Amino acid sequence: MLLSALLFWADEMAVSSVLIPALSGWAATVLLVLSVIFLLIGLVFFILIPHPIFPKTTGPNTVSFCEMHWTSPSGRKQFAQAYYPAGSKDGASSLKRKKLLGEADVGRKILHYFGVSLEQPIARLVLDHLAGQGVETNSVADTLPLVSLDDKPVNVILFSAGLYGFPELHAFFAEEVASYGFFVVLLRHTDGSSYLLDGEGKVAYEFTFTRLTHPSDEDWKFRNKQINLRVGDVRSTIEHLRAVNNKNFQGKLQLDRFMMTGHSFGGGTTVASIAQIPDIIGGVALDAWTYPLEVEKDLDSPNLQRSRLLFLNSELWQWRQNLDRMDRFCEKSGGTWKKLTLKGSHHHNFDESPLWFGPLLSKHILKLSGPNLDFEIGLRCIAQVCVRFGRNLLEASIESSTDYDVRKELDDPELIIGSDQER
């Protein structure tokens, strides 16, 4: 980021070096002062938002990455990212690492989606800071073959991001879970809730999801239609994995049962997908937004009633009505659904925006992260919950593990509260 600030200042000084000799007196002084101000702006960015550094994964596997593109049977263009185990970490430290936003200038697409102009030099600062351009991940740059260290089929975890969310906001989570042997698929939903551009930089799907802001019957129908579109994306992703398993992944994926997880609207999508897709046998809903769900219909779903799911919530974002809906699902499941809270967390401790914005902005100004929770420790705890829950769900029978308590297997069990704080 400091380099960007200096380059930004150099751009302005280059202009000044041409204009200042042509100006005299006060005009030259004003231009020089403005150039210094531009440098200070860049330095303030550097102080407020340090250049993001990815935490290291803790599992035994090297992690590889691939993009997946296909067309669903209904004719919709679909996109997803996959993070998966690629063998032991021994000797892998010298391999080139993948950039967070890749080589396709994804950062510009993200900022374009949010309406940020890239014509001015200061936009490059925004791109470098807020989009994390140039940040190295833990995944190797070259796509490697899928490797299972224990030679068993590799279990699949599907992930759904929230409104305004996109796969890059959950890259470390996916890497950390994949480093423990899971095949993690980050869906890029086609409902317009995330940037999704075609090869020419045009929005692939329009969905004006911000048009309604107050709860109403009309708004609920709108959101319910949207969440069902997301469930269609999940179903299409499962079908695609089955179609390419032998060709692309040596037939090593376990595709007769799946786990799902997701954040916010993605947590609601997780619940809806479990209710509608029999092959998804459970999952973890991260600080879920349950408003779009068709609660009565979902509660009566045989798939839902025989599945297992954990609601893992933030302590500082949830509200009573949302928690009450979760309680209804937990009661209907006969004890196989549970509700826990990550101590000291805010809503965006469940994505990686605090990593992009830095601790000062994310904790004290933007309120993305809980002020007393170390972001990296919290994120590792969330990933660890999903790893432990996933192993128990996908490797043991549901009947033999209905009383499973994930807290007993965590490195930091004190971070997880057994019930939600009353609102």
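Residues numbered from 1 in each chain as written. Predicted model: local features only at pLDDT ≥ 70, side-chain atom pairs only at ≥ 80, totals over all residues. Heavy atoms only, no water.

1. Regarding the pairing of strand S4 (residues 136-140)
Here is step 1: S4 sits mainly inside the fold: four of its five residues count as buried.
Here is step 2: Taken together, the two bridges between strand S3 (residues 97-99) and S4 define a ladder with antiparallel strand orientation. Following the sheet pairing, Lys99 is matched in S4 by Glu136. (Buried < 20%, exposed > 50% of the residue type's maximum accessible area, 1.4 Å probe, protein only. Helix = DSSP H or I, 4+ residues; strand = E, 2+ residues; numbered from the N terminus. Pairing = 2+ DSSP bridges.)

2. What about the nonpolar core?
Here is step 1: Tyr83, Val177, Met259, Val284, Leu312, Leu342 and Ile416 are the most contacted members of the largest nonpolar core, which has 49 residues in total.
Here is step 2: Sort the elements by how many residues they give to this core and helix H13 (residues 375-395) lands first, with eleven residues.
Here is step 3: Val177 has contacts with Ile157, Phe182, Val184, Ala383 and Val387, leaving out every residue within four places of it along the chain. (Core = buried A, V, L, I, M, F, W, Y, C linked by side-chain atoms within 4.5 Å. Contact = heavy atoms within 4.5 Å.)

3. A word on the pattern of salt bridges
Here is step 1: Tallying each qualifying case throughout the model produces twelve salt bridges.
Here is step 2: One salt bridge connects Arg380 with Glu176, and the closest N-O pair in it is separated by 3.6 Å. Taken together, the positions of Arg380 in helix H13 and Glu176 in helix H5 (residues 171-178) put the pair 204 residues apart, joining distant regions of the chain.
Here is step 3: For Asp324, the salt bridge is made with Arg320, and the minimal N-O distance between the two is 3.1 Å. (Salt bridge = Lys/Arg side-chain N within 4 Å of Asp/Glu carboxyl O.)

4. Some words on the packing of aromatic side chains
Here is step 1: The final tally for this structure, using the stated rule, is twelve aromatic pairs.
Here is step 2: Centre to centre, the rings of Phe54 and Phe172 are 6.2 Å apart; their planes meet at 90°, and the pair counts as edge-to-face. In this pair, Phe54 is assigned in the loop between helix H2 (26-48) and strand S1 (61-71) and Phe172 in helix H5, connecting sequence segments 118 residues apart. The residues Phe54 and Phe172 share a single accessibility class, namely buried.
Here is step 3: With centroids separated by 5.7 Å and ring planes inclined at 20°, the aromatic side chains of Phe329 and Trp337 adopt a geometry described as stacked. In this structure, Phe329 and Trp337 share a single accessibility class: buried. (Phe/Tyr/Trp six-rings, centres within 6.5 Å; stacked < 30°, edge-to-face > 60°.)

5. Re helix H7 (residues 265-276)
Here is step 1: Helix length check: H7, at twelve residues, gives a terminal C-alpha distance of 16 Å against a target of 16 Å (1.5 Å per residue), a fit within 8%.
Here is step 2: Counting buried positions along H7 gives eleven out of twelve residues, so the element sits mostly inside the fold.
Here is step 3: Listed in full, the buried residues belonging to H7 are Phe265, Gly266, Gly267, Gly268, Thr269, Thr270, Val271, Ala272, Ser273, Ile274 and Ala275. (Expected span 1.5 Å × (residues − 1).)

6. Topic: the packing of helix H6 (residues 217-249) against H7
Here is step 1: Between H6 and H7, the least distance of the axes is 9 Å, while the angle of their chain directions is 65°. It follows from the interaxial angle that H6 and H7 lie roughly perpendicular. Crossing of H6 against H7: the hand is right-handed. On H7, the residues that touch Arg223, Gln226, Ile227, Asn228, Arg230, Val231, Val234 and Arg235 of H6 are Phe265, Gly266, Gly268, Thr269, Ala272, Ser273 and Gln276.
Here is step 2: In terms of residue class, the contact of H6 with H7 is built from five nonpolar, seven polar and three charged. (Axes fitted to C-alpha atoms, helices over the stretch in contact; angles between N-to-C directions. Parallel < 35°, antiparallel > 145°, perpendicular 65-115°, else oblique. Left-handed = near helix turned anticlockwise from the far one by under 90°. Nonpolar A, V, L, I, M, F, W, Y, C, P; charged D, E, K, R; others polar.)

7. Comments concerning the side chain of Asp191
Here is step 1: Position of Asp191 among the secondary structure elements: in the loop between strand S6 (183-188) and H6.
Here is step 2: Within polar-contact distance, the side chain of Asp191 engages the side chain of Gln226 at 3.0 Å.
Here is step 3: Side-chain polar atoms of Asp191 contact the side chain of Arg230, separated by 2.8 Å. (Polar contact = N/O pair within 3.5 Å; in protein donor to acceptor, adjacent residues only side chain to side chain.)

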